[in-house]
Amino acid sequence: MHRMASQPIVIALMGPTGSGKTNFINQLTGTREAKAQHQLKSHTQGVKEFIVNLSKDRQYVFVDTPGFDDTYRSDRDILRTIADWLEEKYRGQVKLSGIIYTHRITDNRMSGSVCKNLDMFARLCGDKAAACVRLVTTMWDKVRDKELAKSRESQLVQNFWKPLIDAGARHKRFEDNSARCAWGIVEDLTGGGEALLLQEELVDVARKLNETTAGQALYTQFQKLLHEQKETIKQLQDEAKAQKDPELVKQLEVEQRRLEAELQKTWDEMGKLKIPFMRRIALFFSKKPQSHTINVNAVVP
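About the thresholds
Residues numbered from 1 in each chain as written. Predicted model: local features only at pLDDT ≥ 70, side-chain atom pairs only at ≥ 80, totals over all residues. Heavy atoms only, no water. 1 Å grid on protein atoms, 1.4 Å probe; cavity = no way out; pocket = protein on both sides within 12 Å on 5 of 7 lines; lining within 4 Å. Points joined across faces, edges and corners; volume = space filled by probe spheres on them. Helix = DSSP H or I, 4+ residues; strand = E, 2+ residues; numbered from the N terminus. Nonpolar A, V, L, I, M, F, W, Y, C, P; charged D, E, K, R; others polar. Buried < 20%, exposed > 50% of the residue type's maximum accessible area, 1.4 Å probe, protein only. Polar contact = N/O pair within 3.5 Å; in protein donor to acceptor, adjacent residues only side chain to side chain. Contact = heavy atoms within 4.5 Å. Pairing = 2+ DSSP bridges. Axes fitted to C-alpha atoms, helices over the stretch in contact; angles between N-to-C directions. Parallel < 35°, antiparallel > 145°, perpendicular 65-115°, else oblique. Expected span 1.5 Å × (residues − 1). Salt bridge = Lys/Arg side-chain N within 4 Å of Asp/Glu carboxyl O.

## A short note on the layout of surface pockets
Then, number 1: Size it by volume and the largest pocket reaches roughly 920 Å³.
Then, number 2: The wall of the largest pocket is formed by 29 residues, among which Asp-75, Lys-116, Gln-221, Phe-222 and Leu-225 lie closest to the centre.
Then, number 3: Listing elements by their share of the lining of the largest pocket, those giving two or more residues are helix H4 (112–125), helix H9 (213–242) and helix H10 (246–273).
Then, number 4: The class makeup of the residues in the lining of the largest pocket is eight nonpolar, nine polar and twelve charged.

Here's what the structure looks like:
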């Protein structure tokens, strides 16, 4: 079923920083490269909407969102930014017609940052909206070894992306970095859309951000990071004790202080996401959203 002609077709782009979201939008909007670079610096810290009027009765809104690996902002701040935008749209009776998730086919492995972005995406999306998701591999024009790229693509489809694809998402190649290819990927995303799990949790069942599936996934990631930071600090302390070179000991102590500051930041972020015990009990008996989470952790190492 197609939406009314007067309603815009809203398509959000999500994925790691540098995976080609802004470039994909540039191809759809016809934005010049010089302007695109300016927009990348100015706008991708937040959520940026790009409007394209194909005709008097067909308007697209393409939405650029930040990735969960920003150098200057915490993942909690980024989740809040995306959540605020999604909540505002949902309360205004606007559902996403499509969600494009971008991934660089040139990546030779699934880094921790890429896995984190995929996990957060799957958890905020939910199963009901999965049919509106297009998992798009980008940067095919930069590939030197096509067979290696196809092998990476198979790993994504058969392993890392399988839970999303099983729920209804589809994989597409952004193969030649052109407007024609970009429009070919979005051309069938014209339906009325479904609410994302995060939208249902924030609006329909009135949860706070830290009580949502995505918020709790972020809390779990912080717990893991805290453990890793503590282990690294302990290793540095042991190494410093074993060293005879005063200069090297000094360098190790500087690194230890830096890591201790990072650990404190992680601890603070965890504190902001923690749900009190009594509230957890109340949530257990409270109304549940219609959508369910998609767990990609079963396949993400």
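Picking up after the structure, the text goes on.
## A look at the environment of Ile-9
Then, number 1: Structurally, the position occupied by Ile-9 is in strand E1 (residues 9–14).
Then, number 2: For Ile-9, a relative accessible area of 4% translates into the label buried.
Then, number 3: Along the chain, Ile-9 and Gly-92 lie 83 residues apart, while their C-alpha atoms are 14 Å from each other.

## Some points on the side chain of Glu-269
Then, number 1: Checked against the element boundaries, Glu-269 lands in helix H10.
Then, number 2: On the accessibility criterion, Glu-269 (12% relative accessible area) is buried.
Then, number 3: Within the structure, the side chain of Glu-269 is placed 3.4 Å from the side chain of Ser-74, a separation counted as a polar contact.
Then, number 4: Dropping the residues within four chain positions of it, Glu-269 is found in contact with Ser-74, Arg-76 and Phe-222.

## Description of empty space enclosed by the protein
Then, number 1: Within this structure, the stated rule accounts for one cavity of 30 Å³ or more.
Then, number 2: Of the pockets and cavities examined, the largest cavity occupies roughly 60 Å³.
Then, number 3: Residue lining of the largest cavity: Met-14, Gly-15, Thr-65, Pro-66, Gly-67, Phe-68, Ile-82, Tyr-101, Asn-117, Phe-121 and Leu-124, and that is the complete set.
Then, number 4: With three residues, H4 is the single largest residue contributor to the lining of the largest cavity.
Then, number 5: The residue makeup of the lining of the largest cavity, split by class, is seven nonpolar, four polar and no charged.

## Here we look at the pairing of strand E3 (residues 58–64)
Then, number 1: Taken across its seven residues, E3 has five buried, putting it largely inside the fold.
Then, number 2: Both E1 and E3 contribute to a ladder of five bridges, which runs parallel. The residue of E3 that forms the bridge with Ala-12 is Val-63.
Then, number 3: The pairing of strand E2 (residues 48–55) with E3 spans seven bridges and is antiparallel. Residue pairing across strands places Lys-48 opposite Asp-64, the latter belonging to E3.
Then, number 4: Turn length for the E2-E3 hairpin, with the two strands adjacent in sequence and antiparallel, is two residues.

## Some words on the sheet that holds E3
Then, number 1: Overall, mixed pairing links the six strands, which are arranged E2-E3-E1-E4-E5-E6 in an open sheet. Across the chains shown, the open sheet's two edge strands, defined by having one partner strand only, are E2 and strand E6 (170–173). Shown here is a sheet whose adjacent strand axes are inclined to one another by a mean of 25 degrees, direction ignored.
Then, number 2: Against the sheet, helix H5 (residues 146–160) makes contact with strand E4 (98–104), strand E5 (133–138) and E6, and its axis sits at roughly 160 degrees relative to E6, the strand it touches most.

## What to know about the packing of helix H3 (residues 75–91) against helix H8 (residues 197–204)
Then, number 1: Look at H3 against H8: their axes get within 9 Å of each other, and the N-to-C directions meet at 70 degrees. Overall, the two elements H3 and H8 adopt an arrangement that is roughly perpendicular. In contact with Leu-79, Ala-83, Leu-86, Glu-87, Tyr-90 and Arg-91 of H3, H8 contributes Leu-198, Gln-199, Glu-200, Leu-202, Val-203 and Asp-204.
Then, number 2: The residue inventory of the contact of H3 with H8, partitioned by class, reads seven nonpolar, one polar and four charged.

## Details of H3
Then, number 1: If you check H3, its first and last C-alpha atoms are 24 Å apart, about what 17 residues at 1.5 Å a residue would give, namely 24 Å.
Then, number 2: Residues of H3 that are buried include every one of Asp-75, Arg-76, Ile-78, Leu-79, Thr-81, Ile-82, Ala-83, Trp-85, Leu-86, Glu-87, Lys-89 and Tyr-90, and no others.
Then, number 3: Count one or two residues on from H3 and you reach Gln-93, which has phi positive near 65 degrees.

## Some words on the pattern of salt bridges
Then, number 1: A full pass over the atoms with the stated rule returns 23 salt bridges.
Then, number 2: Note that Arg-173 is salt-bridged to Glu-153, the shortest N-O span being 2.8 Å. In this pair, Arg-173 is assigned in strand E6 and Glu-153 in helix H5, connecting sequence segments 20 residues apart.
Then, number 3: Here the residues in one salt-bridge network are Arg-76, Asp-77, Glu-269 and Lys-272, joined through shared partners.

## Brief notes about the pairing of E1
Then, number 1: Counting buried positions over the six residues of E1 gives six, a clear majority of the element.
Then, number 2: Of the two faces of E1, the one holding Ile-9, Ile-11 and Leu-13 and the one holding Val-10, Ala-12 and Met-14 are both buried throughout.
Then, number 3: Taken together, the four bridges between E1 and E4 define a ladder with parallel strand orientation. Along E4, the bridge assignment pairs Ile-11 with Gly-98.

Nothing here speaks to function; it is all geometry.
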